[in-house]
Amino acid sequence: QLQLVESGGGLVQPGGSPRLSCVASGGTLDTYAVGWFRQAPGKEREGVSCIDSSYGGNTHYADSVKGRFTISRDNAKNTVYLRMNSVKPEDTAVYYCATAPWVCPTAELEYDHWGQGTQVTVSS
C-alpha cells in the first residue's frame, strides 16, 4: 500500500526557510491530492496547504501561511514539497502529509494515507 514519509524538519531560527519533503512509496502520487497539516502541542491539527493531483495541480493555503509557504510536487521523484519561508515561532508543530483522491477536500476525514510526521521547531 501507499506509504508516506516526511522529512526536512528540525530546529530552525525565526526567519529561516526550511523545505519539507513528503516521499511516497508503494504507489504513485500522480492521481492524488496531497495536503500538509500541522499540530502544535495542546492544539487541534490544522490544514496548512494542499495541491491537487498532477493532472490539475491547483494549490491551496491556509490564511496563516499564505504568502510565506509554497507547496509543489515533483512527479518524477514521487514527492511533494512544502517550502516554508520566513518561519515564525507559531509555526512550531509536527507537520504531516496526507493524500486524498484527485482534488483537495475541505474535510480532514477525506484524506486517506498519512505519514508519521516531522517536527519543526522555530526558536532562537
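Refer to the preceding data block for the structure.
Residues numbered from 1 in each chain as written. Predicted model: local features only at pLDDT ≥ 70, side-chain atom pairs only at ≥ 80, totals over all residues. Heavy atoms only, no water.

Quick look at the state of the cysteines
- A full pass over the atoms with the stated rule returns 2 disulfides.
- In this model, Cys22 is linked to Cys97 through a disulfide, with the two sulfur atoms separated by 2.1 Å. Across the S-S bond linking Cys22 and Cys97, the dihedral sits near 70°, which makes this disulfide right-handed. Of this pair, Cys22 sits in strand β3 (residues 19-25) while Cys97 is found in strand β9 (residues 93-101), placing the two residues 75 residues apart along the sequence.
- Paired by a disulfide, Cys50 and Cys104 hold their sulfur atoms 2.0 Å apart. Looking along the S-S bond of the Cys50-Cys104 disulfide, the torsion reads about -95°, which is the left-handed sense. Separated by 54 residues along the polypeptide, Cys50 in strand β5 (residues 46-51) and Cys104 in the loop between β9 and β10 (118-122) bring together distant segments of the chain. Note on accessibility: Cys50 and Cys104 belong to one class, buried. (Disulfide = S-S within 2.5 Å. Helix = DSSP H or I, 4+ residues; strand = E, 2+ residues; numbered from the N terminus. Buried < 20%, exposed > 50% of the residue type's maximum accessible area, 1.4 Å probe, protein only.)

So, the pattern of salt bridges
- Throughout the structure, instances matching the rule amount to 6 salt bridges.
- Of the charged contacts, one joins Arg68 and Asp91 as a salt bridge, the two residues approaching to 2.8 Å between their closest N and O atoms. On the criterion of sequence distance, the pair formed by Arg68 in the loop between β6 (59-61) and β7 (69-74) and Asp91 in the loop between β8 (79-84) and β9 is long-range, its members being 23 residues apart. Each member of the pair, Arg68 together with Asp91, is buried.
- Salt bridges sharing partners connect three or more residues here, namely Arg38, Glu46, Arg68 and Asp91. (Salt bridge = Lys/Arg side-chain N within 4 Å of Asp/Glu carboxyl O.)

Observations concerning empty space enclosed by the protein
- Scanning the model with the defined rule gives 1 cavity of 30 Å³ or more in all.
- Its boundaries defined by the atoms lining it, the largest cavity holds a volume of some 30 Å³.
- Elements represented by at least two residues in the lining of the largest cavity include exactly β7 and β8.
- In the lining of the largest cavity, the residues fall into 2 nonpolar, 3 polar and 3 charged. (1 Å grid on protein atoms, 1.4 Å probe; cavity = no way out; pocket = protein on both sides within 12 Å on 5 of 7 lines; lining within 4 Å. Points joined across faces, edges and corners; volume = space filled by probe spheres on them. Nonpolar A, V, L, I, M, F, W, Y, C, P; charged D, E, K, R; others polar.)

The values are spatial; any link to function lies outside them.
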